[in-house]
Amino acid sequence: MSDLTFRLMERHQQIDEALRAERRRRWPDPLAILRLTRAKLALRQRLGRLMRRRMALHG
């Protein structure tokens, strides 16, 4: 696993934790949830592209 992949996975986990914390609040902020959800999705897509590229290069 490359350093970039590790950092992206770590950031994905941090966003996931923040999302869970926001949802547990008494009055969760829908805009914060949306922002975090979109950030998490963007990271997941970036990780997917990275993995596909890596598989294409290494067969």
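Residues numbered from 1 in each chain as written. Predicted model: local features only at pLDDT ≥ 70, side-chain atom pairs only at ≥ 80, totals over all residues. Heavy atoms only, no water.

## Points about the pattern of salt bridges
Phase 1: Tallied over the entire structure, the rule returns four salt bridges.
Phase 2: K40 serves as the salt-bridge partner of D16, at 2.6 Å between the closest nitrogen and oxygen. A residue pair is termed long-range when its members are at least 10 positions apart, and D16 in helix 1 (residues 3-24) and K40 in helix 2 (residues 30-58) qualify at 24 residues.
Phase 3: In this structure, R25 and E22 form a salt bridge, with 2.9 Å as the shortest nitrogen-oxygen distance.
Phase 4: For E22, a relative accessible area of 11% puts it in the buried group.
Phase 5: Here the salt bridges do not stand alone but share partners, grouping D16, R20 and K40 into one network. (Salt bridge = Lys/Arg side-chain N within 4 Å of Asp/Glu carboxyl O. Helix = DSSP H or I, 4+ residues; strand = E, 2+ residues; numbered from the N terminus. Buried < 20%, exposed > 50% of the residue type's maximum accessible area, 1.4 Å probe, protein only.)

## Notes on the side chain of T5
Phase 1: The residue T5 is located in helix 1 in this model.
Phase 2: Within polar-contact distance, the side chain of T5 engages the side chain of S2 at 2.9 Å.
Phase 3: Apart from the residues within four sequence positions on either side, T5 is in contact with L47, L50, M51 and R54. (Polar contact = N/O pair within 3.5 Å; in protein donor to acceptor, adjacent residues only side chain to side chain. Contact = heavy atoms within 4.5 Å.)

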